[in-house]
Structure formats: structure tokens, C-alpha cells
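Structural overview
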Amino acid sequence: MFDNDWDLHLQEEIEKPYFGQLRITMAREYRDYTVYPPKEDIFRALKQTSYKDTKVVILGQDPYHGYGQAEGLSFSVKPGVKIPPSLLNIYKELREDLGVPFPPHGSLMHWANQGVLLLNAVLTVREGQPNSHKSLGWEQFTDAVISKLNERETPMVFMLWGSYAQKKGAIIDRTRHKVLQSSHPSPLAAHRGFFGSRPFSAANAFLMEQGIEPVDWNISSLSAAERK
């Protein structure tokens, strides 16, 4: 299903009755409505970033609900798609934090390929209807993902932006893992603590303290594989 070690770690979860019902519900939703991301990208975050390779988790809420935006990675859009406001603010903070060039596109695939798990709490949404797939079962599934990561002995970084992400990350063992909290990067909240939080340098400092290779956050260029 995920084509990596998530298959083993989540096997018990996807066999639970609620997940079977979720599959049925989603088949109906994709049949009757325009739903994002495309079916093949629902689990892209988990397929792109394996369990053992995860270094950093950036937790979003639900996918972008506009045409052509959602690609199964939190905050990310495909090259050629207009960069959404929250992602623009993430890029502004990235530039201020690390001095890297402002990315010319909205794809975060370069991060995902280095072990940054770009996980939304809810993995699907109807077009033009934010939070429309809330409480269908996705939250239980992504809680299980976070729980499995929390159990891992190798430390990692969790970036929890905004109250929703912070509540969902309440189970994280802060004696083992690094939790970086701030306001959400949305235009309504970014000035209340996201700007100036310097999460990218803080994440790398922690990883290096643990003897883990830091993330190259500079995404000014895309490889051919990352353009797909």
C-alpha cells in the first residue's frame, strides 16, 4: 500500500473496521464529488518519506481545496501552481532563518525526499469545501502515524504550527523528540509568533546534536525526479 516500511508499521491500523469504512466512504466521495488530492496521491506523504527515514514532521490540517493544488504533501503544491499564502509565509521565514534564496515554485518534494514527513491530519477534501472530510476517520489514522513515530527510539523533530497541530501532537514524548511550536503560517496568524520562530535552523541544530544529517532546506531548484 505504501511500498516501504510503513506497510509493516500500519498494517494493524489499516485492518481496523473504521479504516475499512473509510475506504468505502472515500470511494463514494471520489465518485460523487471532485475530491483532492488525486486518488493516487492520498498517501503520498507516507510513500515519499518512509518510517525509518523520517527526521522531521511538519503537520498540516487538511489538503488545499482549490483546483490543481493538493498533491498529498502538507503545504506543498506542484511546480507551476501559484504558491498559496501560508506557503509564502513559510518561505519568508525560511529566507529570514537560513538566508536561502526564495523558492520559485511551491513543491516541497525536496524536503520529503530527505526525511521531512509532510503529513496532513486529514488526507482528503472536497473541492472548495475546507474541512469537508473532517471526522470521517482520517484523524484516527494520522493519530496512529504520529503514535508510531513517537515510539521510535531515534529522535526526530515535530513542527507544530497552530493550535490544531499542537493539540494533535500532545502525545509526543518531548524527553526524546524535539517539538517546535508556533502560530500557524497563515496570513491571519503568522505575525503572532510564526515569523521569527526560526524552526528550520532549530530543527537542524537538534538533528546534528543527535548525530543525524541535517536537512538541506534550500529548494530553489528541482531535480527531474522532483518535477514529476
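Data block above holds the structure.
Think of each chain on its own: its residues are numbered from 1, step by step along the sequence as written. Reporting of local features is limited, given that this is a predicted model, to residues whose pLDDT is at least 70; pairs of side-chain atoms are given and counted only at 80 or more, and all residues count toward the totals for whole chains, interfaces and linings. Just so you know, side-chain values use all the structure's heavy atoms and leave hydrogens and water out.

What to know about unusual backbone geometry
Here Tyr 36 and Pro 37 are connected by a cis peptide whose omega angle stands at -5 degrees. We note that Phe 75 has phi near 70 degrees; this positive angle belongs to a residue other than glycine. Counting from the N terminus, the helices are DSSP H or I runs at least four residues long and the strands are E runs at least two residues long. With respect to the secondary-structure elements, Phe 75 resides in the loop between strand E2 (56–60) and helix H5 (85–98). Positive phi values are uncommon outside glycine, yet Ser 135 reaches one of about 70 degrees. A simple rule labels every residue: compare its accessible area, found with a 1.4 Å probe on the protein chains alone, to the largest value its type can have, and call it buried under 20%, exposed over 50%, or partly exposed in between. Residue classification places Ser 135 among the exposed positions, given a relative accessible area of 59%.

Describing helix H9 (residues 199–209)
Structural remark: α-helix, 3.6 residues per turn; residues separated by three or four positions point the same way. Buried within H9 are the following residues: Pro 199, Phe 200, Ala 203, Asn 204, Phe 206 and Leu 207. Looking straight down H9, one finds that the buried residues subtend no more than 160 degrees of arc, so they occupy a single side. Residues of H9 that are exposed and point over 90 degrees away from its buried face: Met 208 and Glu 209. For H9, the elements touching its buried residues are E2, H5, helix H6 (109–112), strand E5 (157–161) and strand E6 (178–182). Gly 211 occupies a position one or two residues after H9 and carries a positive phi of about 75 degrees. Taken from the helix axis, the directions to the C-beta atoms give the arc we talk about. Contacts are residue-level and defined by heavy atoms, with any inter-residue pair within 4.5 Å sufficient.

Re helix H7 (residues 138–151)
The span one expects for a helix is its residue count, reduced by one, times 1.5 Å. In this model, H7 (14 residues) spans 20 Å end to end at C-alpha, consistent with the 20 Å of a helix rising 1.5 Å per residue. For H7, every residue scored as buried is listed here: Trp 138, Glu 139, Phe 141, Thr 142, Ala 144, Val 145, Ile 146, Leu 149 and Asn 150.

Side note on the sheet that holds E6
Paired strands, in this sense, are two strands between which DSSP finds at least two bridges. Strand order in this open sheet of 4 strands is E3-E2-E5-E6, and the pairing throughout is parallel. Two strands lie at the open edges of the sheet, namely strand E3 (116–120) and E6, each paired on one side alone. Mean inter-strand twist for the sheet, computed between neighbouring axes without regard to direction, equals 20 degrees. Inspection of the sheet shows E5 paired to E6 by 5 bridges, in the parallel sense. Bridge pairing in E6 links Trp 161 to Ser 182. Where helices are involved, their axes are fitted lines through C-alpha atoms of the stretch in contact, as for all axes, and angles between N-to-C directions lie from 0 to 180°. Of the strands in this sheet, E2, E5 and E6 touch H9, which is tilted by about 160 degrees from E5.

Observations concerning the side chain of Ser 182
Locating Ser 182 in the fold gives a position in strand E6. In this structure Ser 182 comes out as buried when scored by relative accessible area, which is 10%. In contact with Ser 182, not counting residues within four places along its chain, are Leu 160, Trp 161, Gly 162, Gln 166, Gly 193, Phe 194 and Ser 197.

Focus: the pattern of salt bridges
Just to be clear on terms, a salt bridge is a Lys or Arg side-chain nitrogen sitting within 4 Å of an Asp or Glu carboxyl oxygen. Summed over the entire model, instances satisfying the criterion amount to 8 salt bridges. Close ionic contact of Asp 97 with Arg 198 constitutes a salt bridge, the shortest N to O distance being 3.7 Å. Of the two residues, Asp 97 is situated in helix H5 and Arg 198 in the loop between E6 and H9; the sequence distance between them amounts to 101 residues. Judged by its relative accessible area of 10%, Asp 97 is buried. For Asp 143, the salt bridge goes to Lys 168, with nearest N and O atoms at 2.6 Å. Taken together, the positions of Asp 143 in helix H7 and Lys 168 in helix H8 (residues 163–168) put the pair 25 residues apart, joining distant regions of the chain. Of the residues examined, Lys 168 reaches a relative accessible area of 10% and is grouped as buried.

Here we look at the nonpolar core
We call a set of buried Ala, Val, Leu, Ile, Met, Phe, Trp, Tyr and Cys residues a nonpolar core when their side-chain atoms join them within 4.5 Å. Within the largest apolar cluster, 66 residues are counted, with the highest numbers of intra-cluster contacts made by Ile 58, Trp 111, Trp 138, Phe 141, Met 159 and Trp 217. Not counting residues up to four positions away in its chain, the partners in contact with Phe 141 are Phe 2, Leu 10, Glu 13, Ile 14, Tyr 18, Phe 19, Phe 43, Leu 46 and Leu 123.

Comments concerning the packing of helix H3 (residues 17–32) against H7
Here H3 crosses H7 at 130 degrees, and the two axes come no closer than 10 Å. Between H3 and H7, the angle falls in the class oblique. With respect to the hand of their crossing, H3 and H7 are arranged in left-handed fashion. When H3 is examined against H7, the residues Tyr 18, Phe 19, Leu 22 and Met 26 are found in contact with a partner set consisting of Trp 138, Gln 140 and Phe 141. Partitioning the contact of H3 with H7 into residue classes produces 6 nonpolar, 1 polar and no charged. Here roughly perpendicular refers to angles of 65 to 115 degrees, roughly parallel to angles under 35, roughly antiparallel to angles over 145, and oblique to all remaining angles. Less than a right angle of anticlockwise turn of the near helix away from the far helix marks a crossing as left-handed, whereas a clockwise turn marks it as right-handed. Each residue receives one of three labels: charged for Asp, Glu, Lys and Arg, nonpolar for Ala, Val, Leu, Ile, Met, Phe, Trp, Tyr, Cys and Pro, and polar for the others, Gly being one of them.

Focus on the packing of aromatic side chains
Centre distance within 6.5 Å is the pairing criterion for rings of Phe, Tyr and Trp, where only the six-membered ring of Trp is used; planes under 30 degrees apart are then read as stacked, over 60 as edge-to-face, and the remainder as tilted. Applying the stated criterion across every chain yields a total of 16 aromatic pairs. Both rings, one in Tyr 18 and one in Phe 19, keep their centres 6.2 Å apart while their planes meet at 90 degrees; by these two values the pair is edge-to-face. For Phe 19, a relative accessible area of 1% corresponds to the buried category. Centroid distance Phe 194 to Phe 195: 6.0 Å. Interplanar angle 55 degrees. Geometry classified as tilted. Throughout this description, the term charge over a ring refers to an Arg CZ or Lys NZ atom that lies within 6 Å of the ring centre and within 35 degrees of the ring normal. In this structure, Arg 126 packs its charged tip against the face of Tyr 33, placed 3.5 Å from the ring centre. A cation over a ring is seen here: Arg 152 above Tyr 51, with NZ or CZ 5.9 Å from the ring centre.

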